[in-house]
Amino acid sequence: MKQAFIDTLRRELREFSRRPRYVVLLTLGLVFSYTFFLTLMHEGQPAKLPIAIVDHDGSYLSRRLCHEIEATQGVHIVAVYDNHAQARAAMQRQEIFAFYEIPENIYADLLAFKSPRISLYASNAYLMPGSFSYKSLATIGKLAAAAVQREVLRKKGYPEKQIMGIIQPVELDTHPVSNAETSYQPYVLTTVLPGILGVMTLLFTVYKVSDERKRRTMADWMRTAQGNVPVALAAKLLPYALWFSLLGILGNIILFYYARFTLLGSFFALSLMVVLLVLAQQAMGVFLAALIPEQHLSISVAAIYGMLSFTMSGFSYPVTNMPPFLQAVSYLFPLRHYYLGYVDIALYGNGVAYYWPVLVGFAVFLLLGMAGAVLLSRETRCIRAGICACSDSSNLDVL
Amino acid sequence: MNKFLQRLIDIWEIFAGEVRYVFHDGGVLLLFFVATLLYPFIFAAVYHSEMVLDIPVAVVDQSHSAESVRVIRKIDATPELTVRYKCCTMDEAERLMREHRVHAVILFPRDYGARIARVETARACLFCDMSTFLYYRSVMTGASNVLVDEMKYIELQRCEQMGLTEADAEGQVTPIGYEDVKLFNAPGGFTSFLVPPLLVLVIHQTLFLGIGVLFGTARERQHRQRIPIRLRRGAPIRIMVGRALAYLLMYVPVVFIDLFVLPRVFGFPHIGSIGTLIGFLLPFLLATIFFSITMAGFFRERDTIIVTCIFFSVILLFLSGTAWPQSNMPAVWRWFSYLFPSTPAIQGFIRINTMGAHLSEVSFEYLLLWFQTGVYFFTACTSLRLMSWLRRKQII
């Protein structure tokens, strides 16, 4: 058995040295993805989002408001419009994400204690810039009101210490756990990048296994492994499991040590998650390739399934918010388990006592891989018996 | 005239051959007609609730004051938050957070009520789960709404105690008010924001991968039946037009269902005028088809394109400027994003479909799509000519 394993491994390495194209392309793709995501969102939170002002008043007050807006980090005034319609059209051209409309006579009304109102329009068609610019402008709105109040209270002769207590009776001290800067990067990168690695592993595995069938080398492969299907699969996929795991761990070194995302738990535990993700994707790949004998279909099915894992992992849209049926379905995606493990390890520093269900989940995928092996061994028995019925539908196509 | 007729017949033959070819390939059919119809249904099911509401939170009330109890009641009354646990100590609340039973903890320190009574700023602490952006967003919305309301309540109460009339009190508490209007997606729903770009991306990617697979297969099997013999030595324009027409006509029903029917059935945003959308989507489909044919020239085997390019869907989504604004992208990536028809298509589709823009507001995207159509048509013809030249050399 040991010999069979070594022989199959050698056979695979020979195969790899003859056609290294896929592995090279996938590695380059991964390098590109890491570079892309790390440079795309290097700001963490979008800063200086373009907004506009519609100033009907043109008074000292409206100008001061503009100055205050300019002084914030979040937004930046790119235009001043005369009327609402112009600003709305600019929004539709996506030149701005939000605008303030300052009504006529605001200064006069303010002095007369008539509580004038500023209108704040924000576009939620683009959720992130929309809500960030909304947040910045709403803060300015509150600050403007507070500044006026302070001025009034000062004139009334209140002591400075009491003024704050009057203007702001309650304060909320926010502590975003494990992402103090509320940066957008950790949300996305920590799951999307391993997710990309996972999809690549899945499709590559499906391709690798069904390629033996397509090139009619299945019999040769099994002969090398002395007819032992699990050994054949393990030896064939081991080099790639090692390579993809290595890439995933290197990627996490970049994310947690170079980009310095929060990692409260141990890096070793997180690396274990990466390895399990790669193995689970390979197991799923074997299962799909064994289940669907036509290479056409198996790869397309794997692609459709693989791309869904980003949605179903719950990193962008919480799984707890999906219908109960889909909450159950989400566990059919290895990336879901990886994400849960990542949250426990990195964001909360939890021990195994908290994330053991994740390990069980991954183990189930490995069982699925075993089921794939059983299917494959049935198929090879057919080939050896010379029936060639179940696999030859695809072989005929090649002719 | 005869020559013209002959050309039309050529195009027809190529068109018919291509359609036959697609309908004999299970993998491509799966991409063209199953994936494009399956994904919208999945998106509709996954994102059916738009907002993340009733997030379970734990409160730790150490002050036991009337003020803190009132705030807790208000928190529970927000649509975003639900007070699921009332804990005695922070340790207890921390454990609940670690077990993901709550996604936020709100702490009222011992002096909360006393500080309000002394007219000092009272502090409440909020600890928020950051595993998902949407938890953070909903928790912050809920909590800050309660905070604003509570501040106003306390201030008005104090004014009343000072003997001010209601109108005077209002003027003092809010000297300048502001009213917010959220346009195009009033509740800030995640579905209305994410699904339209995803639908466009699905169309782009299935077309791209499907065409890649078709060309890869043809190359792999040295299949050329789909081009009549007399046309094999040239006529790239006729071949291109015939093929593009085939894909275009196959995608008309798909686009119609995905971008017109399903948004209306599932209630995704759809305020754009249909005429504008049709005018806008035509160059999108053409640009995508020619872009895909050009790229397909680089792949010699059937499945290479799916295995090596599928991850690019994620990158295209981020390049399109939906998740991260275009205004804040490094210039390199912004220019890079203009290479792909998905970027202007997604931008334009959101603005027409979700924001009700006309072609004049998306003129940049519209012209870019036509420009891409022109450039990729040329590159597709060139790559076809190059390939047939290479093949001839090999055969000879």
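The rules behind the values
Residues numbered from 1 in each chain as written. Chains lettered and ligands numbered in written order. Predicted model: local features only at pLDDT ≥ 70, side-chain atom pairs only at ≥ 80, totals over all residues. Helix = DSSP H or I, 4+ residues; strand = E, 2+ residues; numbered from the N terminus. Rg over C-alpha atoms; globule rule 2.2 N^0.38 Å. Contact = placed C-beta atoms within 7 Å. Buried ≥ 20, exposed ≤ 12 C-beta atoms within 10 Å, placed from the backbone. Pairing = 2+ DSSP bridges. pLDDT = per-residue confidence, 0-100. Axes fitted to C-alpha atoms, helices over the stretch in contact; angles between N-to-C directions. Domains from an automatic or database assignment. Expected span 1.5 Å × (residues − 1). Parallel < 35°, antiparallel > 145°, perpendicular 65-115°, else oblique. Left-handed = near helix turned anticlockwise from the far one by under 90°. Nonpolar A, V, L, I, M, F, W, Y, C, P; charged D, E, K, R; others polar. Core = buried A, V, L, I, M, F, W, Y, C linked by C-beta atoms within 7 Å.

A. Seen up close, the overall build of chain A. When you go through chain A residue by residue, the secondary structure sums to 16 helices and five strands. Computed over its C-alpha atoms, the radius of gyration of chain A comes to 30 Å, more than 25% above the 21 Å expected for a compact globule of 399 residues. Here the C-alpha coordinates of chain A stretch approximately 100 × 45 × 40 Å along the principal axes. For chain A, long-range pairs separated by at least 24 residues make up 77% of all intrachain contacts whose partners lie at least 6 apart in sequence.

B. Focus on the overall build of chain B. A count of helices and strands for chain B gives 15 helices and five strands. Relative to the compact-globule value of 21 Å for 396 residues, chain B shows a C-alpha radius of gyration of 29 Å, a clear excess of over 25%. Each of the three principal axes of chain B carries a C-alpha extent, and together these read 95 × 45 × 40 Å. Across the 396 residues that make up chain B, the buried fraction comes to 47%. Across chain B, contacts joining residues at least 24 apart in sequence account for 79% of those joining residues at least 6 apart.

C. The interface of chain A and chain B, seen in detail. Taken together, the contacts link 95 residues of chain A with 85 residues of chain B. When residues of the side of chain A that touches chain B are assigned to their parent elements, the largest contribution, 13 residues, is made by helix α12 (residues 295–312) of chain A. Pairing analysis gives seven bridges linking strand β4 (residues 117–123) of chain A to strand β5 (residues 177–183) of chain B, with the strands arranged parallel. Within the sheet, the bridge partner assigned to I118 of chain A lies in β5 of chain B and is Y178 of chain B.

D. Local environment of the confidence of the model for chain A. Confidence along chain A averages 87 in pLDDT terms, with 96% of residues attaining 70 or more. The low-confidence segment residues 387–399 of chain A, where pLDDT is below 50, has 22 contacts with residues more than four positions distant or belonging to other chains.

E. Expanded view of the pairing of strand β4 (residues 122–128) of chain B. Bridge count between strand β5 (residues 170–176) of chain A and β4 of chain B: seven bridges; the pairing is parallel. Its bridge partner being in β4 of chain B, L172 of chain A is matched across the sheet by A124 of chain B. Judged from the four bridges that link them, strand β3 (residues 104–108) of chain B and β4 of chain B form a sheet pairing that is antiparallel. Residue pairing for β4 of chain B: L107 of chain B is matched across the bridge by C125 of chain B.

F. Spotlight on the sheet that holds strand β3 (residues 98–102) of chain A. Across the sheet, which stays open at both edges, the five strands sit in the order β2(A)-β1(A)-β3(A)-β4(A)-β5(B) with mixed pairing between neighbours. Strands at the two margins of the open sheet, each flanked by one partner only, are β2 (75–81) of chain A together with β5 of chain B. Going from strand to strand, the sheet's axes swing by 25° on average, the running direction of each strand aside. Along the sheet, helix α6 (residues 127–156) of chain A makes contact with β1 (49–55), β2, β3 and β4 of chain A together with β5 of chain B, crossing β4 of chain A at roughly 165°.

G. Quick peek at the domain arrangement of chain A. Here chain A is described as being made up of domain 1 (2–41 + 183–398) and domain 2 (49–167). Each of domain 1 of chain A and domain 2 of chain A has a C-alpha centre, and the two are 51 Å apart.

H. Up close: the sheet that holds strand β1 (residues 55–61) of chain B. In spatial order, the strands read β5(A)-β4(B)-β3(B)-β1(B)-β2(B); together these five strands make up an open sheet with mixed pairing. Taken across any chain shown, the strands that pair with only one partner, and hence form the sheet edges, are β5 of chain A together with β2 (81–87) of chain B. Each strand of the sheet is rotated relative to its neighbour by a mean of 25°, with strand direction disregarded. Taken together, the five bridges between β1 of chain B and β3 of chain B define a ladder with parallel strand orientation.

I. Looking closely at helix α6 (residues 133–161) of chain B. Relative to the 42 Å expected for 29 residues at 1.5 Å per residue, α6 of chain B spans 42 Å between its end C-alpha atoms, a close match to the ideal helical length. In the stretch just after α6 of chain B, G163 of chain B is the one whose phi turns positive, near 90°.

J. Molecular detail of the packing of helix α1 (residues 2–18) of chain A against helix α10 (residues 229–258) of chain A. Residue and element names in this part refer to chain A. Where α1 meets α10, the closest approach of the two axes is 8 Å, and the angle between their N-to-C directions is 40°. Our classification of the angle between α1 and α10 gives oblique. As for the relative orientation of α1 and α10, their crossing is right-handed in sense. Two secondary-structure elements touch here, α1 through A4, F5, T8, L9, E12, L13 and F16 and α10 through V231, A232, A234, A235, K236, L238 and P239. Grouping the constituent residues of the contact of α1 with α10 by class yields 11 nonpolar, one polar and two charged.

K. Quick look at the nonpolar core. By size, the foremost hydrophobic cluster in this structure holds 230 residues, and its most contacted members are A98, F99 and L203 of chain A together with V57, V105 and F290 of chain B. If one sorts the elements of this core by residue count, helix α8 (residues 190–221) of chain B sits on top with 17 residues. Excluding residues within four positions of it along the chain, V105 of chain B makes contact with V57, A58, V60, A93, M97 and F127 of chain B.

L. Here's a closer look at the packing of α8 of chain B against helix α10 (residues 274–296) of chain B. Residue and element names in this part refer to chain B. Orientation of α8 relative to α10, taken along the N-to-C sense of each, is 40°, at an axis distance of 9 Å. Classified by the angle between their axes, α8 and α10 sit oblique to one another. Between α8 and α10 lies a crossing of right-handed hand. When α8 is examined against α10, the residues H204, L207, F208, I211, G212, F215 and G216 are found in contact with a partner set consisting of T288, I289, S292, I293, M295 and A296.

M. Structural detail: the confidence of the model for chain B. Considering every residue of chain B, the mean pLDDT works out to 87; 95% of them sit at 70 or more. Reported confidence for the predicted complex is 0.90 by ipTM and 0.91 by pTM.

N. Examining the environment of Q226 of chain A more closely. Residue and element names in this part refer to chain A. Along the chain, the position of Q226 falls in the loop between α9 (218–224) and α10. Assessed through the 14 C-beta atoms surrounding it within 10 Å, Q226 is described here as partly exposed. The spatial distance from the C-alpha of Q226 to the C-alpha of A4 is 5.9 Å, given a sequence separation of 222 residues.

O. View of unusual backbone geometry. Residue and element names in this part refer to chain A. Positive phi is not limited to glycine here, since Q94 has a value of about 60°. Take Q94: it is sitting in the loop between α4 (84–92) and β3. One non-glycine residue with positive phi stands out, namely T182, at about 45°. Structurally, T182 can be placed in the loop between β5 and α8 (184–214).

P. Quick peek at the environment of L286 of chain B. All names here are of chain B. Secondary-structure assignment places L286 in helix α10. Taking the C-beta count within 10 Å as the criterion, L286 has 21 such neighbours and is therefore assigned buried. Distance from L286 to K3, taken between C-alpha atoms, is 26 Å for residues 283 residues apart in sequence. If we skip the residues at most four places from it in the chain, L286 touches A244, L248 and T373.

Q. Quick peek at the environment of S33 of chain A. Mapped onto the fold, S33 of chain A is located in helix α2 (residues 21–40). Residues S33 of chain A and M1 of chain A, spaced 32 residues apart in sequence, show a C-alpha to C-alpha distance of 40 Å. If we ignore the near neighbours within four places in the chain, the residues touching S33 of chain A are L193 and I196 of chain A together with F311 and I315 of chain B.

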